Amino acid sequence: MSFPKNFLWGGAVAANQVEGAYDLDGKGLSVTDITTAGSLEKPRMLTYNLDGKLQETPAVPGAGLPKGATGAIDPNAYYPNHVAIDFYHHYKEDIKLFADMGFKTFRTSIAWTRIFPQGDEEKANQAGLDFYRRVFEECKKYGIEPLVTISHYEDPLYLSEKYNDWQDRAMIDMYVRYAKALFEEYKGLVKYRLTFNEINSALLMLNSFGNDVKDDAAYQKLHYQFVASAQAVKLAHQIDPNYVVGNMICGIVDYPLTPDSKDILLNRHTMEQSIFYCGDAQAKGYYPTFAKRLWAEHNVHLDITEEDKREMREGKVDMYTFSYYMSNVVTTHESEDKVGGNFAARVKNPYLNYSEWGWATAPTGLQYYLEVMYDRYEIPLMVVENGLGVVDKIAEDGKVHDDYRIDYLRQHLQAIGNAIDNGVDVQAYTTWGCIDCVSAGTGQMSKRYGLIYVDRDDEGNGDLHRMPKDSFYWYQKVIATNGEDLG
Ligand code: BG6
């Protein structure tokens with residue numbers, strides 16, 4: 001098994017899940033800033049004012065705030081992202097630890113509201129631009145290549161209210177202005193960028209939550225995002241032809257539960273909606289034939305112009321990047337054996353083990369996914385998220401012995417190695433939450449993915465000190481041997 005010579009080993013986080021400092025240095029409020037903590041049993045909530053009353057609604061991607069609502073912070077609620085792990089003040093220490101592991105790349109995102117606090121300003125906030133410049137320069141000091149997500153689940157609250165969570169074409173210009181500011185500011189400092197994190201999450205939510213997300217709204221939002229993404233790709237290449245821009249898909253493989261041909265067809269249609277729809281729009285630059293079926297089924301009357309179609313064709317992404325955590329099973333038959341977890345409210349696979357959050361460990365699915373996507377798009381792939389979210393315990397010797405995490409990561413790296421051996425061009429692997437951070441789905445700190453432990457709990461207690469886990473040293477060896485020693 002041979003990983004290519006310049007393989008980009010690293011880790012990934014998102015601004016809102018690590019930085020904290022939610023109201024410092026001119027930062028505006030994002031949607032995440034009004035999102036409370038939750039748990040597996042209790043959804044995270046968006047808090048807002050409506051009709052003079054403080055209220056809340058479940059924070060489902062693609063659902064947004066009710067019409068006329070104004071996001072508000074409830075003094076009695078807990079918002080884990082407000083402090084997160086305070087990367088804002090610890091970034092030097094954290095990047096040093098990443099460098100100690102041998103990272104070649106570090107994936108993080110930019111908080112849109114640090115750069116444009118409301119989202120519609122003419123001029124960028126200099127303090128925000130300066131913060132990320134310091135972060136990227138710190139990475140470069142150690143030879144770490146930043147891999148930067150432009151938008152990772154934290155739209156400016158002001159824009160989200162005004163345009164009803166991307167239900168307005170005006171969002172395209174707002175996004176492109178923001179992306180342009182980044183492309184110009186970090187020229188020569190950042191080569192790799194991803195336009196929208198897990199852009200397909202609104203469609204995955206359609207499957208999981210039924211009527212919670214209005215079908216046609218999810219498709220319209222995506223259309224504006226595809227056009228925004230395409231314009232950003234074109235602009236990036238104009239500003240610097242060396243820029244490499246990717247999409248980012250929540251990569252979940254679906255399997256049919258039975259050999260019943262109805263299950264096989266359902267499986268295909270599920271993959272089309274959840275995965276291929278967005279991948280095709282961004283990597284092929286046009287909507288697939290099955291889009292017509294999906295639009296008809298979901299009563300979608302898309303606001304789409306000839307100009308939009310041209311932009312999409314001209315702004316295809318340079319690489320296909322995705323997160324991969326688990327596989328799912330679908331069936332047309334009745335099944336009692338259901339699993340929960342965000343994105344995973346489906347049928348249980350009897351051949352797999354599930355985490356306490358209901359996520360299946362399914363490494364072969366990663367090989368399958370890589371081979372299918374490379375065959376379909378024929379552009380380089382990056383696995384930009386993968387990891388195991390579990391409760392870690394500090395042992396009597398004061399350390400975290402996370403052999404279960406090592407085992408999970410090892411199996412997935414083996415799967416990537418197999419795909420590479422089969423000819424797939426995989427260029428990077430960034431394990432998710434390389435340092436413990438706030439869970440996006442539940443808002444918990446106790447759902448830990450990190451190779452570095454952070455002392456902070458679900459109520460905000462802890463002194464935030466950092467400590468390498470056993471997986472830290474294991475990954476260090478993996479990187480040092482370029483994936484030859486996964487033992
Ligand atoms: C992906 C997101 O869905 O998975 C991350 O891009 C997220 O932001 C990660 O944190 C793991 O999910 P969770 O819900 O366990 O944090």
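Residues numbered from 1 in each chain as written. Predicted model: local features only at pLDDT ≥ 70, side-chain atom pairs only at ≥ 80, totals over all residues. Heavy atoms only, no water.

(A) Representation of the packing of aromatic side chains in the model. Summed over all chains, the structure comprises 36 aromatic pairs. Aromatic side chains Tyr325 and Tyr449 sit 5.9 Å apart centroid to centroid with 70° between the ring planes, which places their arrangement in the edge-to-face category. Pair noted here: Tyr325 is in strand S9 (residues 319-330) and Tyr449 is in the loop between strand S13 (426-432) and strand S14 (452-454), with a separation of 124 residues, a long-range link. Since its relative accessible area comes to 7%, Tyr449 is described here as buried. Here the basic side chain of Arg114 rests over the ring of Phe131, its NZ or CZ set 5.6 Å away from the ring centre. A cation over an aromatic ring shows up here: Arg193 above the ring of Tyr243, its NZ or CZ 4.2 Å from the ring centre. (Phe/Tyr/Trp six-rings, centres within 6.5 Å; stacked < 30°, edge-to-face > 60°. Helix = DSSP H or I, 4+ residues; strand = E, 2+ residues; numbered from the N terminus. Buried < 20%, exposed > 50% of the residue type's maximum accessible area, 1.4 Å probe, protein only. Lys NZ or Arg CZ within 6 Å of the ring centre and 35° of its normal.)

(B) Region of interest: the site of the ligand. Contacts to the ligand come from 15 residues, most closely from Gln17, Glu198, Glu385, Ala440 and Tyr449. Take Asn197: an N or O atom from its side chain is 2.9 Å from an oxygen atom of the ligand. One of the side-chain nitrogen or oxygen atoms of Lys447 is found 2.7 Å away from an oxygen atom of the ligand. Bound to the protein, the ligand loses 98% of the 370 Å² it would expose on its own. Looking at the shell around the ligand, its residues break down into 6 nonpolar, 6 polar and 3 charged. (Near = heavy atom within 4 Å. Polar contact = N/O pair within 3.5 Å; in protein donor to acceptor, adjacent residues only side chain to side chain. Areas by Shrake-Rupley, 256 points an atom, 1.4 Å probe, with all protein chains shown as cover. Nonpolar A, V, L, I, M, F, W, Y, C, P; charged D, E, K, R; others polar.)

(C) Layout of the sheet that holds strand S1 (residues 8-12). The strand order around the closed barrel built from 8 strands is S1-S5-S6-S7-S8-S9-S12-S13, with neighbouring strands paired in parallel fashion. For this sheet the average axis-to-axis angle between neighbouring strands, irrespective of direction, equals 30°. Helix-sheet contacts for helix H13 (residues 403-421) involve S1, S9, strand S12 (381-385) and S13, and the interaxial angle to S13 is about 170°. Across the sheet, helix H14 (residues 470-480) touches S1 and S13, and the angle it forms with S1 is around 155°. (Pairing = 2+ DSSP bridges. Axes fitted to C-alpha atoms, helices over the stretch in contact; angles between N-to-C directions. Contact = heavy atoms within 4.5 Å.)

(D) Region of the structure containing helix H12 (residues 363-377). In a regular helix each residue adds 1.5 Å, so 15 residues correspond to 21 Å; H12 covers 22 Å between its end C-alpha atoms and thus fits that length. Within H12, burial applies to Pro363, Gly365, Leu366, Gln367, Tyr369, Leu370, Met373 and Tyr377. (Expected span 1.5 Å × (residues − 1).)

(E) Representation of the packing of H12 against H13. At a minimum axis distance of 8 Å, the contact between H12 and H13 shows a crossing angle of 30°. With respect to H13, the axis of H12 lies roughly parallel. The handedness of the crossing between H12 and H13 comes out as right-handed. Contacts between H12 and H13 involve Pro363, Leu366, Gln367, Leu370 and Glu371 on the former and, on the latter, Gln411, His412, Ala415, Ile416, Asn418 and Ala419. Split into classes, the residues belonging to the contact of H12 with H13 amount to 6 nonpolar, 4 polar and 1 charged. (Parallel < 35°, antiparallel > 145°, perpendicular 65-115°, else oblique. Left-handed = near helix turned anticlockwise from the far one by under 90°.)

(F) Layout of the packing of helix H9 (residues 261-284) against helix H10 (residues 290-297). H10 packs onto H9 with a crossing angle of 115° between their chain directions and a minimal axis gap of 11 Å. Once H9 is placed against H10, the crossing between them reads as left-handed. When H9 is examined against H10, the residues His269, Glu272, Gln273, Phe276, Tyr277 and Asp280 are found in contact with a partner set consisting of Phe290, Ala291, Arg293, Leu294 and Trp295. Looking at the contact of H9 with H10 residue by residue, the class counts come to 6 nonpolar, 2 polar and 3 charged.

(G) Focus on the sheet that holds strand S4 (residues 70-71). What the 3 strands build is an open sheet, ordered S3-S2-S4; its pairing is antiparallel. The open sheet terminates on both sides in strands that have one partner only, identified here as strand S3 (53-58) and S4. Relative to S3, strand S2 (residues 45-50) runs antiparallel, the two sharing 6 bridges. Considered in S3, the bridge of Tyr48 is made with Gln55.

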